[in-house]
Amino acid sequence: MKVRYYIASTLLTVATLAACSQADKQVSFGIDSNSISIDAAGGTEKVRVSASENWIASSNVPWITVSPANGRGTKECSLIIDSAITNTVRNGVVRIVKAENSSEYQEIRVEQKGFDYAITLDEPTVEIKNYASLDDRYFDVRVKTNVDFDVKIPDSVASWVKVGQYDVNLDHGLRPREVTVRVTWGINSLPKERKAEILFTPTADSQVSDEMLAQNDRLYINQESAEPIERGTRAGDSVALLGIARSLEIWGSSWESSGEKMDNWDGVTLWEEGMEGYVDSLKGRVKYAQFYMMSTKEGIPFEVQYLTGAQELEFYSNVNTFQLNLSTGPYICQLKQLKRLTIGAFGLTELDENFTNLSNLEYLDLGSNNFEQIPEVINPKNFPKLHVLRLANNQRRLIHDLSNNISTNFGGLYQHTKYNSSTETFGEFPTWLLRWEPGTTTDSKGEEVAVTGLDTLILSANYFQGSLPDFKDDASVPVYTEAPDSLKNASGECVLVTKGIKRVMPQLKMFAINLNRLTGELPEWVLYHPSLDWWNPYTLFFTQEGKDEKGNLAGFSNEPANMNYYYEAFPKKDLADSSNDEEEGTDSGSQTGTLRK
C-alpha cells in the first residue's frame, strides 16, 4: 500500500514540473513575411503572426484591410487588397503592434502595380450563319476596359455590320469595367464566306493613344456563305422562292413542306409554251409568284434577284405596317424584265435609289403603304411603259378631321397638299400625274422613247386637300379641238370642243380619288371627261370624307345630282351603271341636264 502511494506522488510531481516548464516558454514576436507584391487586380494574401501575447494590426491606407485586426498568440491574418484605380504603382504598410508595448511592432510593406490601359474582349472571334430572322441577327460582345472607346467599322463591311448604343462608365478610375456591345449583322446573299475586322480604339477625349494600350483586342467576324442559287434555271427559281418565303416569314407557307413540285405550288405560275412572251429558255421557270401574309421588318429579300424570268410579282399584307418605315431594298431593282409589280400593305415609305431600273413596268401597285408623298421617280420619263398606277390607301392611320390633329408622319400622300398657315393656301396637287399622256420622252441615256400613258390612276383613301386643278390658266394644257363621232351630238358637234374644255388625260379609262379631303368645284375636264361614266364616279370619285386642315367639310360643291347632263352632252354613249340611283327621282325630275351648285 505504501509503495502505491509513493509511485502516485512521484508521477504527480513530474507532471506539475512539466506544466510549469511549458508555461514559462516564450514565443518570439514576429511575422513570416515583411513584404508583399501584388498585381493591379488585388486579392488576399496570408501572413502568419507569431506572438505569446495580445497584438493589434492596422493599415496606413484604405485599400488594405487586415482580418482579424487583433488577436492573442500565434494566428494567420488575411490582408485583403482592393484592385487598383490608377495606372501607377502604389504602396502601403500594415503594422502589427504588441498591445502591451506599442513601441514593439512588425511591418509588412505592400506594393501594388497599377492597371495598364487595355481594351480586351471575352471572345475576339465570332462565327455567324449567313441567315437568321431579323430579331435573331445579333450577338453581344463583352468588353473589359478602363478606357472609353469607339468602335470602328471599316467602310467595306459597314453595309452588313452595325453596332448599337453602349455606355462606358469608368466610375472607379482605371479599374476595368465590363461593357456589353451589341453587334447586328446582315444576311450574306453571296455564295462565299465574308469576314470583318472591327477595331476598338480609345476616344479622343480619353487622352489615351493606341500606343499606350498594353492590350487592344480586335473583333473578328466570320460569316458563312449563302446557299448557292443557280441563276437562270428552274432549280434556281425554286430555291429562290423558298428563300424569299423564309426571309419574309410567310404565314403557313406550304411550299417546302408540301412535297409537291413547283408546278403545283399555290400562288406560282410557270412559263409554258404558247404563253405570250414565251421562249424556250423560260420553260418551267417562274413567270408569276405571290407572297401573301408575312412578318418582316426589312425590304424585299435578296433571293428575289434570282427570279430573272418573272414577269409579275406580288408582295402583300405585312404585319403591323403602320409601325414600319421600309424601303423596297436594292435586290428587286435588278429584275429589269418585270412588267407587273405589287408591293402592297408592306410598310413602305420609300423606294430604293435603283428602282428606276424597272423601266419595263406596265403595272405598279404601291397601295396601302405609308408614303407621305408620291416618290418623284414615278414619272413617265423613268417608266414610259407604265399604264396602271395604284397608290390607294397610303394612310398610316385614319384621321377623319385634319383640322383637329397633332400627329405627324401619318402617310396618305399628305405632303403634296399640306396646308400652309402663313399663306393660308394648300400645297399643289401632283399635276404631273395628270399630264401622263401618250407621247414621247427622253430617257436617262438621252434617247427618245415612246410613252404609253396612264389609263388607270388610283389615288383613293389618302389625304389630298384643296381643289383639283382645272388647268384653265395653264397654256401648256391644250383644249379639245376635235372629237370622235362617238362623242358628237346629232348636229355633229361635241361639247368638249364647243365649250373649249381642257384636254386632260383623255385616255384615262379609270380614275379613282374618293375618300380624300378634297373641296371646291369639280373641273370641267372631269365633269365632261370621255370616260367619266366608267369611273363609277359617285363611288370612286365624287365621294370625299372628313375635314381638311382648315376645318372645311370635304366634298365637291358642284357634284352632279345625276349623270343626265353627261348623257345629254354625249347622246351616242351607252348608259353606264354609274349614276347615283338614290338621286334619280325627285332630283332628276327638276335638274335634268344640270349640275348641282
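Predicted model, so just to flag it, every value in this text is computed and none were measured.

*Asks:* Sorry, what's going on with the overall build of the protein chain here?
*Replies:* Scanning the protein chain from terminus to terminus reveals eight helices and 34 strands. Of the contacts made within the protein chain by residues no fewer than 6 positions apart, 69% connect residues no fewer than 24 positions apart. Accessible surface computed for the protein chain: about 30800 Å², of which carbon and sulfur atoms make up 46%. Of note, the protein chain has its 57 positive side-chain charges centred 7 Å away from the centre of its 83 negative side-chain charges.

*Asks:* Explain the pattern of salt bridges here, please?
*Replies:* Close approach of charged atoms lets side chains of opposite charge pair. Using the criterion set out here, one finds 22 salt bridges in the structure. In this structure, lysine 129 and glutamate 224 form a salt bridge, with 3.7 Å as the shortest nitrogen-oxygen distance. Of this pair, lysine 129 sits in the loop between strand 11 (125–128) and strand 12 (138–145) while glutamate 224 sits in the loop between strand 18 (219–223) and helix 2 (234–248); the two residues are 95 residues apart in sequence, bridging distant segments of the chain.

*Asks:* Even after reading the chapter, I still don't get a negative patch on the surface, so can you show me in this structure?
*Replies:* The grouping of Asp148, Asp150, Asp167 and Asp205 at the surface amounts to a negative patch. Relative to the helices and strands, aspartate 148 is located in the loop between strand 12 and strand 13 (149–152).

*Asks:* Before we go on, may I ask you to explain the environment of tyrosine 292 in this structure?
*Replies:* Here tyrosine 292 is to be found in strand 20 (residues 286–294). Taking the C-alpha atoms as reference points, tyrosine 292 and aspartate 150, separated by 142 residues in sequence, lie 42 Å from one another. Not counting residues up to four positions away in its chain, the partners in contact with tyrosine 292 are Ile250, Tyr316 and Ser317.

*Asks:* In this structure, what is going on with unusual backbone geometry? I would like to understand it.
*Replies:* For the bond running from serine 67 to proline 68, omega is -5 degrees, close enough to zero to count as cis. Examined against the element boundaries, proline 68 turns out to sit in the loop between strand 5 (64–67) and strand 6 (70–72). Look at phenylalanine 471: it is not a glycine, yet its phi comes out positive at around 60 degrees. Taking the relative accessible area as the measure of exposure, phenylalanine 471 reaches 6% and is therefore buried. At leucine 515, a residue that is not glycine, the phi angle is positive and equals roughly 60 degrees. Inspection of the secondary structure assignment puts leucine 515 in the loop between strand 33 (510–512) and strand 34 (517–518). Judged by its relative accessible area of 27%, leucine 515 is partly exposed.

Rules used throughout
- Residues numbered from 1 in each chain as written.
- Predicted model: local features only at pLDDT ≥ 70, side-chain atom pairs only at ≥ 80, totals over all residues.
- Heavy atoms only, no water.
- Helix = DSSP H or I, 4+ residues; strand = E, 2+ residues; numbered from the N terminus.
- Contact = heavy atoms within 4.5 Å.
- Areas by Shrake-Rupley, 256 points an atom, 1.4 Å probe, with all protein chains shown as cover.
- Lys, Arg positive; Asp, Glu negative; His and termini not counted.
- Charge placed at Lys NZ, Arg CZ, Asp CG, Glu CD.
- Salt bridge = Lys/Arg side-chain N within 4 Å of Asp/Glu carboxyl O.
- Patch = residues over 30% accessible without salt bridge, like charges linked within 9 Å, V, L, I, M, F, W, Y side chains within 5 Å.
- Buried < 20%, exposed > 50% of the residue type's maximum accessible area, 1.4 Å probe, protein only.

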